[in-house]
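Survey of secondary and tertiary structure
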Amino acid sequence: MKPPQFAYECPRDVAGAVALLAAHGGDARPLAGGQSLVPLLNFRLARPAVLVDLNRIEALGRISVTGGALRIGAMARQAEVEADPAVARGWPVLPDVIGHIAHPQIRNRGTIGGSLAHNDPAAELPAAMLALDATMTAHGPVGERAIAARDFFAGTMETALAPDELLTGITVPALPEGTGWGFQEAARRQGDFALVAVVVLLLPAGAGAIDARIVVTGTGDGPARMPQAEAILAERGGDAEACAAAGDAAAEACDPEDDPHAPAWYRRRLVAALTRRACRAALVGMGR
């Protein structure tokens, strides 16, 4: 298949890109790494009149740590973030999650912002950003706004971005010392989208208490927090029985549908098993 005809624009700065999106409205699509958009074009599932190529905007590719927070430009390549030593020291769950995305060739080209803005319901990065309580920065004709991860992912391949807005960066707050994390994924083959993936963060909250964050993806319209499972860990502390109970609660809270890849009952069992494993890994990371 070949893509439909489109006009091609290649701005050199964010202002130019936003102006092009505003001028063409819903008929324009930004092009980042192209790992998601190009297949949609080739299958004629997307038919933009204009492609706005962001690859010449160097400022969007930066990775830095400022004031203890990690700042990732939307055009930063997934492989660059995966290999960044500052990311590995402060946010080690991110390199683990990124390492499960497709294959190295894809990660060399694919961007952090492209994956988040595409928001495939089985993608790993949206789940990680939700667990990390990240904030997305969007630029539009009226200026800049911040969107919390919990508000950013709106549904299957939908986000809170307006048609004339551009995702320009992601800010991930510092994790407290002693934070434990776990990531588990089940896929049909290495590099496939997840049938189910689970991210668990256990943050020390003082006096031995735990602030738990559990995010499941692959069972609905996108990543979802599991408040019942989180409450079990927060109330009962860290032990194998609490992890098992949290896994059961997460499975009960999910409502997957049967599809050609897996029946709903199997996905629920995966949620329970992977949540238990990720919880246990997080507890080990906390030294418990």
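Scroll up to find the structure this text is about.
My aim in this report is to walk through the structure given alongside it, one point at a time. In this text, all values refer to a predicted model and were calculated from it rather than measured experimentally.

**Section: the sheet that holds strand β11 (residues 180-186)**
In spatial order, the strands read β11-β12-β13-β14; together these four strands make up an open sheet with antiparallel pairing. Every interior strand has two partners, whereas the edge strands, β11 and β14 (224-225), have only one. Sitting on the sheet, helix α10 (residues 227-236) touches β12 (196-204), β13 (210-217) and β14, and the angle it makes with β13 is about 150 degrees.

**A closer look at the pattern of salt bridges**
Per the stated rule, a full pass over the model turns up nine salt bridges. Its salt-bridge partner being Arg 189, residue Asp 192 comes within 3.1 Å of it at the nearest N-O pair. With its nearest N and O atoms 2.5 Å apart, the salt bridge here joins Arg 267 to Asp 259. Each of Arg 188, Arg 189 and Asp 192 takes part in salt bridges that share partners, so that together they form one network.

**What to know about a negative patch on the surface**
Taken together, the side chains of Glu 158, Asp 221, Glu 257 and Asp 258 present a region of like negative charge at the surface. You can see Asp 258 is positioned in the loop between α11 (240-253) and α12 (264-285).

**Remarks on the environment of Pro 30**
Within the secondary structure layout, Pro 30 lies in strand β2 (residues 28-31). For Pro 30, a relative accessible area of 32% puts it in the partly exposed group. Once the C-alpha coordinates of Pro 30 and Ala 117 are considered, the two residues, 87 residues apart in sequence, prove to be 10.0 Å apart. Apart from the residues lying within four places of it in its own chain, the contact partners of Pro 30 are Leu 21, Leu 37, Val 52, Leu 54 and Leu 166.

**What to know about the nonpolar core**
Leu 94, Ile 112, Leu 116, Met 129 and Met 136 are the most contacted members of the largest nonpolar core, which has 41 residues in total. Broken down by secondary-structure element, the contributors of at least two residues to this core are β5 (69-73), α5 (93-98), α7 (112-118), α8 (124-131), β6 (135-140), α9 (149-152), β10 (166-172) and β12. The element contributing the most residues to this core is α8, with six residues. Excluding residues that lie within four positions of it along the chain, Leu 94 makes contacts with Leu 70, Ile 72, Val 87, Leu 125, Ala 128, Met 129 and Leu 132.

**Here we look at the pairing of β5**
Here β5 lies mainly inside the structure; four of its five residues are buried. Here strand β4 (residues 63-66) runs beside β5; their pairing, made up of four bridges, is antiparallel. Its bridge partner lying in β5, Thr 66 is registered against Ala 69. In this antiparallel pair of consecutive strands, β4 and β5, the connection spans two residues, and Gly 67 shows a positive phi of 60 degrees.

**Thoughts on helix α1 (residues 14-24)**
Since there are 3.6 residues in each turn of an α-helix, residues three or four apart along the chain are aligned in direction. When we look at burial in α1, the residues that qualify are Val 14, Ala 17, Val 18, Leu 20 and Leu 21. Buried positions in α1, seen along its axis, are confined to an arc of 160 degrees and lie on one side of it. Facing away from the buried surface of α1 by more than 90 degrees, the exposed residues are Ala 15 and Ala 23. On its buried face, α1 is in contact with β1 (7-9), β2, β3 (50-53), β6 and β10. Once α1 finishes, Gly 25 follows within two positions and takes phi at roughly 60 degrees, a positive value.

**As for the packing of aromatic side chains**
Tallied over the entire structure, the rule returns two aromatic pairs. Centre to centre, the rings of Trp 265 and Tyr 266 are 5.9 Å apart; their planes meet at 75 degrees, and the pair counts as edge-to-face.

**With respect to the packing of α11 against α12**
At a minimum axis separation of 8 Å, α11 and α12 run at an interaxial angle of 145 degrees. In this structure, α11 meets α12 at a crossing whose hand is right-handed. The segment α11 lies against α12, with Cys 243, Ala 244, Ala 246, Gly 247, Asp 248, Ala 250 and Ala 251 engaging Arg 268, Val 271, Ala 272, Thr 275, Arg 276, Cys 279, Arg 280 and Leu 283. Along the lines of polarity and charge, the residues of the contact of α11 with α12 split into nine nonpolar, two polar and four charged.

**Comments concerning the sheet that holds β1**
The strand order across the open sheet built from three strands is β1-β3-β2, with neighbouring strands paired in parallel fashion. The strands lining the two open edges of the sheet, one partner per strand, are β1 and β2. Strand after strand, the sheet turns through a mean of 25 degrees between neighbouring axes, direction not considered. One ladder, built from three bridges, connects β1 with β3; its direction is parallel. Note on β3: the bridge partner recorded for Glu 9 is Val 52.

**Side note on unusual backbone geometry**
Phi at Asp 133 is positive, roughly 60 degrees, even though this residue is not glycine. Structurally, Asp 133 is set in the loop between α8 and β6. Of note in this structure, Met 157 is not a glycine but carries a positive phi near 55 degrees. Looking at the secondary structure, you find Met 157 in the loop between β8 (153-155) and β9 (158-159). With relative accessibility at 40%, the residue Met 157 sits in the partly exposed group.

Rules behind the numbers
- Residues numbered from 1 in each chain as written.
- Predicted model: local features only at pLDDT ≥ 70, side-chain atom pairs only at ≥ 80, totals over all residues.
- Heavy atoms only, no water.
- Pairing = 2+ DSSP bridges.
- Helix = DSSP H or I, 4+ residues; strand = E, 2+ residues; numbered from the N terminus.
- Contact = heavy atoms within 4.5 Å.
- Axes fitted to C-alpha atoms, helices over the stretch in contact; angles between N-to-C directions.
- Salt bridge = Lys/Arg side-chain N within 4 Å of Asp/Glu carboxyl O.
- Patch = residues over 30% accessible without salt bridge, like charges linked within 9 Å, V, L, I, M, F, W, Y side chains within 5 Å.
- Areas by Shrake-Rupley, 256 points an atom, 1.4 Å probe, with all protein chains shown as cover.
- Lys, Arg positive; Asp, Glu negative; His and termini not counted.
- Charge placed at Lys NZ, Arg CZ, Asp CG, Glu CD.
- Buried < 20%, exposed > 50% of the residue type's maximum accessible area, 1.4 Å probe, protein only.
- Core = buried A, V, L, I, M, F, W, Y, C linked by side-chain atoms within 4.5 Å.
- Arc of directions from axis to C-beta.
- Phe/Tyr/Trp six-rings, centres within 6.5 Å; stacked < 30°, edge-to-face > 60°.
- Left-handed = near helix turned anticlockwise from the far one by under 90°.
- Nonpolar A, V, L, I, M, F, W, Y, C, P; charged D, E, K, R; others polar.

What is shown is where atoms sit, not what they do.
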